[in-house]
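# Coordinate inspection notes
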Amino acid sequence: PFHNEGAQSLTADGKKMYYTACRGNCNIYVSERESDNKWGTPKKLPAPVNLDHTSEKQPSISPDGRSLYFVSNRGGGHGLYDIWVSHQDNEGQWGQPQNLGDSINTRFTEQAPFIHFDNQTLYFSSDGHIGMGRLDIYVAKKLNDTTWSAPKNLGYPINTHRDEEGLIVNAKGTTAYFSSDINPKVGKDIFCLLY
């Protein structure tokens, strides 16, 4: 039994679900949709994605299903939690995760990555970049395989003096969902934005 599960990400074809499960440290699991439309037995992703004494969580799978973005406190990072990416080879094996670098990661916490369906736009939350509150939501563009643009704060009304995180955007870019604890009496709520 796990203490919690969540932060799921589906492949574009809807056949695989990556998600986080925590018991002490967190790890990333994958479940495949079977022919009867039920989800198969979850499998913990092996090293080098999951490591024994660190947390790997909040996966976001790219639209082609070949790049897995996630958050980890593993060694070699820039801060408390960094965003990493692992690429899948032609045999289906996940490669050594790469840190997204210091244009994205700070010495504080980055979390809740979401790679958009264009496979170029990354949304994430951070309390290390200059922002409006504690955790703010940022967007960055992939410039090449290893370089990202400087993150841009999404500003108000998305970001406030409170915590905002977990932004996802539909494929057309017309609807976004995110969570905020703008009302501390009720905790985090989910908000929707229409463009």
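The structure we're discussing is the one just above.
What comes next concerns the included structure. (Residues numbered from 1 in each chain as written. Predicted model: local features only at pLDDT ≥ 70, side-chain atom pairs only at ≥ 80, totals over all residues. Heavy atoms only, no water.)

### As for the state of the cysteines
Tallying each qualifying case throughout the model produces one disulfide. A disulfide bridge connects Cys 22 with Cys 26, and the sulfur atoms are separated by 2.0 Å. Disulfide Cys 22-Cys 26: the torsion about the S-S bond is 100 degrees, which places it as right-handed. There is no split in this pair, since Cys 22 and Cys 26 are both buried. (Disulfide = S-S within 2.5 Å. Buried < 20%, exposed > 50% of the residue type's maximum accessible area, 1.4 Å probe, protein only.)

### Re the sheet that holds strand E8 (residues 98–99)
Strand order in the open sheet formed by four strands is E5-E6-E7-E8, with antiparallel pairing between adjacent strands. The outermost strands of the open sheet, each flanked by one partner alone, are strand E5 (56–61) and E8. Bridge analysis of strand E7 (residues 82–87) against E8 gives two bridges, and the strand direction is antiparallel. Paired with Trp 84 across the bridge in E8 is Asn 99. (Pairing = 2+ DSSP bridges. Helix = DSSP H or I, 4+ residues; strand = E, 2+ residues; numbered from the N terminus.)

### As for a nonpolar patch on the surface
Residues Ile 168, Tyr 177 and Ile 190 make up a contiguous nonpolar surface patch of roughly 320 Å² in combined accessible area. Position of Ile 190 among the secondary structure elements: in strand E15 (residues 189–194). (Patch = residues over 30% accessible without salt bridge, like charges linked within 9 Å, V, L, I, M, F, W, Y side chains within 5 Å. Areas by Shrake-Rupley, 256 points an atom, 1.4 Å probe, with all protein chains shown as cover. Salt bridge = Lys/Arg side-chain N within 4 Å of Asp/Glu carboxyl O.)

### Comments concerning the pairing of strand E1 (residues 4–10)
With five bridges connecting them, E1 and strand E2 (residues 16–23) associate as antiparallel partners. Each residue of the ladder has a partner; that of Gly 6, found in E2, is Thr 20. The hairpin turn running from E1 into E2, its antiparallel successor, is five residues long, and Gly 14 in that turn takes a positive phi close to 75 degrees.

### What to know about the pattern of salt bridges
Using the criterion set out here, one finds six salt bridges in the structure. In this structure, Arg 134 engages Asp 163 in a salt bridge whose closest nitrogen and oxygen atoms are separated by 3.3 Å. A residue pair is termed long-range when its members are at least 10 positions apart, and Arg 134 in the loop between strand E10 (121–126) and strand E11 (136–141) and Asp 163 in the loop between strand E12 (152–153) and strand E13 (164–169) qualify at 29 residues. Judged by relative accessible area, Arg 134 falls into the partly exposed class, the value being 41%. The partner of Lys 188 in a salt bridge is Glu 165, and the shortest N-O contact between them spans 2.1 Å. Highlighted residues: Lys 188 in the loop between strand E14 (175–180) and E15 and Glu 165 in strand E13, separated in sequence by 23 residues. Shared partners join several salt bridges into a network, and the residues in it are Arg 134, Arg 162, Asp 163 and Asp 181.

### Examining the pairing of E10
Burial runs high along E10: six of the six residues are buried. The two faces of E10 match: Thr 121, Tyr 123 and Ser 125 on one face and Leu 122, Phe 124 and Ser 126 on the other face are all buried. In the sheet, strand E9 (residues 110–115) pairs with E10 via four bridges, with the strands oriented antiparallel. Bridge pairing in E10 places Gln 111 opposite Ser 125. Here E9 folds back onto E10, and the loop between the two strands holds five residues, one of which, Asn 119, carries a positive phi near 60 degrees. Relative to E11, E10 is paired through six bridges, and the arrangement is antiparallel. Note that in E11 the partner of Leu 122 across the bridge is Ala 140.

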